[in-house]
Amino acid sequence: MNLFDLISNDIKEAMKAKDKVKLETLRNIKKFFIEAKTAPGANDTLTDDAALKIMQKLVKQGKDSAAVYEGQGRTDLAEAEMAQVHVIEAYLPKQLSAEELEIKIKEIIERVGAKDGKDMGKVMGVASKELAGLAEGRAISTKVKELLG
């Protein structure tokens, strides 16, 4: 079962369970999926890779929004955003821990022969592709800067 069908199924389950947060979140995800499927050139298809990218983008936006709300003292709104983020994260692959991320990036640095900060572009290109879905871009970038320091 692909992600689109899984989300559609889980919307029904959330309705039955009367889980408003999950229902609202899944409907929002499905809206983005449908927009992607009907975009020009999409041929009414949505690969799981494309669906994962959409969900990762929604997680990042949710976390950013929650941080803004926290900064403004609106913990109620921040908690609502984070509740939706947790629903979406349940559908994403397990994220790498900081230690696992460091090991992977060290392997990539060695493979591409990077020596210092000037080689960051080479490392980021490979790391972004290989670690897509396993770590946030921001975390990858921070760790690459730290290791190439």
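*Asks:* Honestly, the overall build of the protein chain in this entry has me stumped. Any pointers?
*Replies:* Summing up its helical and strand segments, the protein chain has seven helices and zero strands in all. Starting at the N terminus and walking to the C terminus, you meet the elements of the protein chain as α-α-α-α-α-α-α. Expressed as a percentage of the 149 residues in the protein chain, the buried residues total 33%. Put simply, 59% of the contacts in the protein chain that link residues at least 6 apart link residues at least 24 apart. Summing over all exposed atoms, the protein chain offers an accessible surface of approximately 9,400 Å²; the carbon and sulfur share of this is 54%. Positive and negative charge centroids in the protein chain, built from 25 and 25 side chains respectively, lie 3 Å apart.

*Asks:* Help me understand unusual backbone geometry in this model?
*Replies:* Glycine aside, the phi torsion of most residues is negative, and most peptide linkages are trans. Of note in the backbone geometry, Lys18 takes a positive phi value of approximately 55° without being a glycine. A positive phi angle, close to 55°, is found at Asp44, a residue other than glycine. Within the element layout of this structure, Asp44 appears in the loop between α2 (20–37) and α3 (48–71).

*Asks:* So what exactly am I meant to see when it comes to the packing of aromatic side chains here?
*Replies:* A ring pair, where both rings are aromatic, is described by two values, the distance of the centres and the angle of the planes. A full pass over the atoms with the stated rule returns one aromatic pair. With a centroid separation of 6.3 Å and 35° between ring planes, the pair formed by Phe4 and Phe33 is classed as tilted. Note that Phe4 is positioned in helix α1 (residues 3–17) and Phe33 in helix α2, a separation of 29 residues in sequence. On the basis of relative accessible area, Phe33 is assigned to the buried category, the value being 0%. Over the ring of Phe32 we find Lys31; its NZ or CZ atom is 4.4 Å from the centre of that ring. When the ring centre of Phe4 is taken as origin, the NZ or CZ atom of Lys37, which lies over that ring, is 4.1 Å away.

*Asks:* Can you walk me through the pattern of salt bridges in this structure?
*Replies:* Once the charged atoms of two side chains with opposite charge are near each other, the side chains can pair. Scanning the model with the defined rule gives eleven salt bridges in all. We note a salt bridge from Glu102 to Lys106, for which the minimum N-O separation is 3.2 Å. One end of the pair, Glu102, and the other, Lys106, are both in helix α5 (residues 98–112), four residues apart, so they sit about a helical turn from each other. By relative accessible area, which is 23% here, Glu102 ends up partly exposed. When its relative accessible area of 44% is taken as the criterion, Lys106 is described as partly exposed.

*Asks:* Mind showing me how you'd approach the nonpolar core here?
*Replies:* Note that soluble globular proteins tend to have their nonpolar side chains buried in a common cluster. Within the largest apolar cluster, 21 residues are counted, with the highest numbers of intra-cluster contacts made by Ile7, Leu26, Ile29, Phe33 and Met55. Secondary-structure elements contributing two or more residues to this core are α1, α2, α3 and α4 (75–89). Residue contributions to this core peak at six residues, all from α3. Apart from residues no more than four positions distant in its own chain, Met55 is found in contact with Leu3, Ile7, Ile29, Phe33, Ile88, Tyr91 and Leu92. Met120, Val123, Ala135 and Ile140 belong to the second largest nonpolar core, which has 15 residues in total.

About the criteria used
- Residues numbered from 1 in each chain as written.
- Predicted model: local features only at pLDDT ≥ 70, side-chain atom pairs only at ≥ 80, totals over all residues.
- Heavy atoms only, no water.
- Helix = DSSP H or I, 4+ residues; strand = E, 2+ residues; numbered from the N terminus.
- Buried < 20%, exposed > 50% of the residue type's maximum accessible area, 1.4 Å probe, protein only.
- Contact = heavy atoms within 4.5 Å.
- Areas by Shrake-Rupley, 256 points an atom, 1.4 Å probe, with all protein chains shown as cover.
- Lys, Arg positive; Asp, Glu negative; His and termini not counted.
- Charge placed at Lys NZ, Arg CZ, Asp CG, Glu CD.
- Phe/Tyr/Trp six-rings, centres within 6.5 Å; stacked < 30°, edge-to-face > 60°.
- Lys NZ or Arg CZ within 6 Å of the ring centre and 35° of its normal.
- Salt bridge = Lys/Arg side-chain N within 4 Å of Asp/Glu carboxyl O.
- Core = buried A, V, L, I, M, F, W, Y, C linked by side-chain atoms within 4.5 Å.

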